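Each chain, written out:
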Amino acid sequence: MQIAILSTFLLVLPAIVAACEGECIIGITNAFISNYTVPVNILFEQLANEVVAKVLTNRRYASPPISLMEPLLSAYRKAAYASLENAIFPSYFHGKCQRRDPENPDGPFVNPPGCPNPNCPVVCGTPGSMVHFYPKLRYIAFNATRHQLVDFASPENEVYQAVERGIVSEIKSGGGRRNTVRAAGTRMPKQWRREQVKRQMREIMGQVSSRLEKICGGMHGLPKCSWEKEMKEFILSYP
Ligand SMILES: *[C@@H]1O[C@H](CO)[C@@H](O)[C@H](O)[C@H]1NC(C)=O
Ligand SMILES: CC(=O)N[C@H]1CO[C@H](CO)[C@@H](O)[C@@H]1O
């Protein structure tokens, strides 16, 4: 009796565990988000510093420049999990690993060597597949993060508009470029100044993609946004 139960259990078990589901999906998504905190913060700091250098020259530092990017920061924090989970899992790593043996195309579906774990050379929804296709996984994480940020940083997006409004009100409250304007010997017409700010903001926010790429060490392997060794270990900590 006990043996019967045990063998049933053993037969059922691989079907249950051979996929990244539930905790595994949440854990891996959160690990990438957590690792991306550093490059994303560097990006926001660079953007804020550009704004201070080009748009708000002579700004008095009542608050740190990064606070100018607060709408972007909080929008990203809210959206990051859902967009990354979707990009990694249903969009790419899903499904069973079993394939027909190419030597025996009419035969049964079997697990290719290394599948489901620890290093599975077919794209499917297991930790082993994510480890085998780690360069793809790394790229998916980068691409999803970049897309999300580029989207928020586009002029038609309300997040972008909130950042711009914050900067305009910063100028109005006297943190702006007054000295430069005075030095030029003319009072800049308000409308002109506003257009200039808009132009500068479009230019600065338009650098999100290229800056993130650079922070990550370039598209060739994204060396600074790879975390390959620790991430593979972490992925394989899921059954
Ligand atoms: C990058 O991400 C976007 C948004 O998630 C997606 O539409 C696009 O297909 C991705 N590109 C590649 C090459 O995976
Ligand atoms: C630099 C960094 O944050 N690395 C972490 C990336 O995620 C893995 C899995 O959670 C951690 O083990 C690394 O320390």
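Residues numbered from 1 in each chain as written. Chains lettered and ligands numbered in written order. Predicted model: local features only at pLDDT ≥ 70, side-chain atom pairs only at ≥ 80, totals over all residues. Heavy atoms only, no water.

J.: It is not clear to me how the packing of helix H2 (residues 23–54) against helix H8 (residues 190–205) should be interpreted in this structure. Could you clarify?
T.: Describing two packed helices takes the angle between their axes plus the distance from one axis to the other. Axis separation between H2 and H8 bottoms out at 10 Å; the angle between their running directions is 150°. It follows from the interaxial angle that H2 and H8 lie roughly antiparallel. Read as a crossing pair, H2 and H8 show a hand that is right-handed. Every residue of H8 that contacts H2 at Leu 47, Glu 50, Val 51 and Lys 54 is listed here: Gln 200, Met 201 and Ile 204. Across the contact of H2 with H8, the residue classes break down as four nonpolar, one polar and two charged. (Axes fitted to C-alpha atoms, helices over the stretch in contact; angles between N-to-C directions. Helix = DSSP H or I, 4+ residues; strand = E, 2+ residues; numbered from the N terminus. Parallel < 35°, antiparallel > 145°, perpendicular 65-115°, else oblique. Left-handed = near helix turned anticlockwise from the far one by under 90°. Contact = heavy atoms within 4.5 Å. Nonpolar A, V, L, I, M, F, W, Y, C, P; charged D, E, K, R; others polar.)

J.: Even after reading the chapter, I still don't get the site of ligand 2, so can you show me in this structure?
T.: Every residue lining ligand 2 is accounted for by Ala 31, Asn 35, Trp 227, Glu 230, Met 231 and Phe 234. Between ligand 2 and Asn 35 there is a distance of 2.8 Å, counted from an oxygen atom to a side-chain nitrogen or oxygen. Elements that contribute at least two residues to the shell around ligand 2 include exactly H2 and helix H10 (228–236). For the shell around ligand 2, the element with the most residues is H10, which contributes three residues. Class assignment for the residues of the shell around ligand 2 results in four nonpolar, one polar and one charged. (Near = heavy atom within 4 Å. Polar contact = N/O pair within 3.5 Å; in protein donor to acceptor, adjacent residues only side chain to side chain.)

J.: Explanation requested: the pattern of salt bridges in the structure shown.
T.: Where charged atoms of side chains with opposite charge meet at close range, the side chains can pair. Applying the stated rule across the entire model yields six salt bridges. With a closest N to O distance of 3.3 Å, Arg 138 and Glu 228 form a salt bridge. Here Glu 228 lies in helix H10 and Arg 138 lies in helix H5 (residues 134–152), a separation of 90 residues in the sequence. Its salt-bridge partner being Lys 232, residue Glu 228 comes within 2.8 Å of it at the nearest N-O pair. Here the residue Glu 228 and the residue Lys 232 both occupy positions in helix H10, the gap between them amounting to four residues, near one helical turn. The class of Glu 228 is partly exposed, set by a relative accessible area of 31%. The exposure class of Lys 232 is partly exposed, given its relative accessible area of 24%. Residues joined in a network through salt bridges with shared partners are Glu 50, Lys 54 and Arg 211. (Salt bridge = Lys/Arg side-chain N within 4 Å of Asp/Glu carboxyl O. Buried < 20%, exposed > 50% of the residue type's maximum accessible area, 1.4 Å probe, protein only.)

Structural measurements only, silent on function.
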